[in-house]
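One-letter residues, chain by chain:
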Amino acid sequence: MERFLDHLADTIAEQFHYTEDQRAVVRYGLVALLQTVIIFFLLVVLGLCFGFFPQALAVFFSVVLLRRQEGGAHASSLTGCLILSGVVLTALAVLSRYVLPLMGSPMALLLTAVLGAGCVLVSWKLVPVESPNKPLRDPKKIARLRRNTFLLLAVYLLLAFVLALPEGTLPFSSLSISLSILSGTVWQTFTLTKPGRWLVDTMENLFRRLNRS
């Protein structure tokens, strides 16, 4: 797969007479696109088979859409990205469906307020986090990414809060979906930080060792 992406990036770069830096950006985009598509279908299949389909979609979109604006820690290979993202997003969806709702609405509302405020503060300080293959130099683009980040955060946290309200407060409520949105948002924000990058690297190294054994 890596060789195929290299070949495709080389073909595109040659066709449009791109520089080596532009070719690296193209390859980065191809990897990100392929990774997103594979993880989406993986979550859809697992969610349909094991009963957490709505939660899987909520986690997936809360992470993916926010990540496009914020950036964040990456595994060093496509395989590492797929394994890490698949494991983490599936775990978040399963927890949001079967475990986290046991805390009840009041605790979920409190967590949404506290963790949401933390996400806003971390994002305000760090966003956007650039990738080595996709450096950010345009002030207008940086401003746009920051604006989009806080717009998404506002939408996500409002949805999480409203959906976590006790049943009967509104015509609609879903504690598990609320916690799916919140957990996806928190995970994505965590990957912006140094501990988040350390955890991603540690998990990738662990998967690599298990694969070799």
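This part takes up the side chain of Glu-204. By the element assignment, Glu-204 lies in helix α8 (residues 194–212). Judged by relative accessible area, Glu-204 falls into the buried class, the value being 7%. Ignoring any residue separated from it by four or fewer positions in sequence, one finds Glu-204 in contact with Ala-75, Ser-76, Ser-77 and Gly-80.

Between helix α2 (residues 20–50) and helix α3 (residues 53–70), the least distance of the axes is 8 Å, while the angle of their chain directions is 160°. Taken together, the axes of α2 and α3 lie roughly antiparallel to each other. α3 is crossed by α2, and the crossing has right-handed handedness. Contacts between α2 and α3 involve Thr-36, Ile-39, Phe-40, Leu-43, Val-44, Gly-47 and Leu-48 from the former and Phe-53, Ala-56, Leu-57, Phe-60, Phe-61 and Val-64 from the latter. When its residues are assigned to classes, the contact of α2 with α3 shows eleven nonpolar, two polar and no charged.

Let's shift gears to the packing of helix α4 (residues 78–98) against α8. With their axes 10 Å apart at the nearest point, α4 and α8 run at an angle of 110° to one another. Taken together, the axes of α4 and α8 lie roughly perpendicular to each other. Between α4 and α8, the contacting residues are Gly-80, Ile-83, Leu-84, Val-87 and Val-88 on the first element and Val-200, Met-203, Glu-204 and Phe-207 on the second. For the contact of α4 with α8, the residue count by class is seven nonpolar, one polar and one charged.

Now for the packing of aromatic side chains. The final tally for this structure, using the stated rule, is six aromatic pairs. Taking the centre distance of 5.1 Å and the plane angle of 85° together, the rings of Phe-60 and Phe-61 count as edge-to-face. Since its relative accessible area comes to 4%, Phe-60 is described here as buried. Given a relative accessible area of 38%, Phe-61 falls into the partly exposed group. Summarising the aromatic geometry, the rings of Trp-124 and Phe-150 are spaced 5.4 Å apart at their centres and angled 45° between planes, so their arrangement reads as tilted. Placement of the pair is Trp-124 in helix α5 (residues 105–126) and Phe-150 in helix α6 (residues 139–163), with a sequence separation of 26 residues. In textbook terms, an aromatic cluster arises when at least three aromatic residues are bridged by ring pairs, as seen for Phe-40, Phe-41, Phe-60 and Phe-61. In this arrangement the basic side chain of Arg-146 is found over the ring face of Trp-124, its NZ or CZ atom lying 5.0 Å from the centre.

Another point: unusual backbone geometry. In this model, Val-127 is joined to Pro-128 through a cis peptide bond whose omega is -5°. Tracing the backbone through its elements, the reader meets Pro-128 in the loop between α5 and α6.

On to the environment of Phe-16, then. Following the sequence through the fold, Phe-16 ends up in helix α1 (residues 2–16). On a C-alpha basis, the gap between Phe-16 and Gln-188 in space is 34 Å, while along the polypeptide they are 172 residues apart.

Enumeration according to the criterion identifies one salt bridge in this entry. Between Glu-204 and Arg-208 there is a salt bridge, with the nearest N and O atoms lying 3.3 Å from each other. With Glu-204 and Arg-208 both in helix α8 and four residues apart, the pair spans about one turn of that helix. With relative accessibility at 30%, the residue Arg-208 sits in the partly exposed group.

On to the environment of Glu-70. One can find Glu-70 in helix α3. Given the relative accessible area of 0%, Glu-70 is considered buried. Put simply, Glu-70 and Ala-154 are 84 residues apart on the chain and 14 Å apart in space, counted from C-alpha to C-alpha. If sequence neighbours within four positions are ignored, Glu-70 has contacts with Ser-123, Val-127, Pro-128, Val-129, Thr-149, Leu-153, Gln-188, Thr-189 and Leu-192. Engagement of the side chain of Glu-70 in a polar contact is seen with the side chain of Ser-123, the distance being 2.9 Å.

Reading the values: the criteria
- Residues numbered from 1 in each chain as written.
- Predicted model: local features only at pLDDT ≥ 70, side-chain atom pairs only at ≥ 80, totals over all residues.
- Heavy atoms only, no water.
- Helix = DSSP H or I, 4+ residues; strand = E, 2+ residues; numbered from the N terminus.
- Buried < 20%, exposed > 50% of the residue type's maximum accessible area, 1.4 Å probe, protein only.
- Contact = heavy atoms within 4.5 Å.
- Axes fitted to C-alpha atoms, helices over the stretch in contact; angles between N-to-C directions.
- Parallel < 35°, antiparallel > 145°, perpendicular 65-115°, else oblique.
- Left-handed = near helix turned anticlockwise from the far one by under 90°.
- Nonpolar A, V, L, I, M, F, W, Y, C, P; charged D, E, K, R; others polar.
- Phe/Tyr/Trp six-rings, centres within 6.5 Å; stacked < 30°, edge-to-face > 60°.
- Lys NZ or Arg CZ within 6 Å of the ring centre and 35° of its normal.
- Salt bridge = Lys/Arg side-chain N within 4 Å of Asp/Glu carboxyl O.
- Polar contact = N/O pair within 3.5 Å; in protein donor to acceptor, adjacent residues only side chain to side chain.

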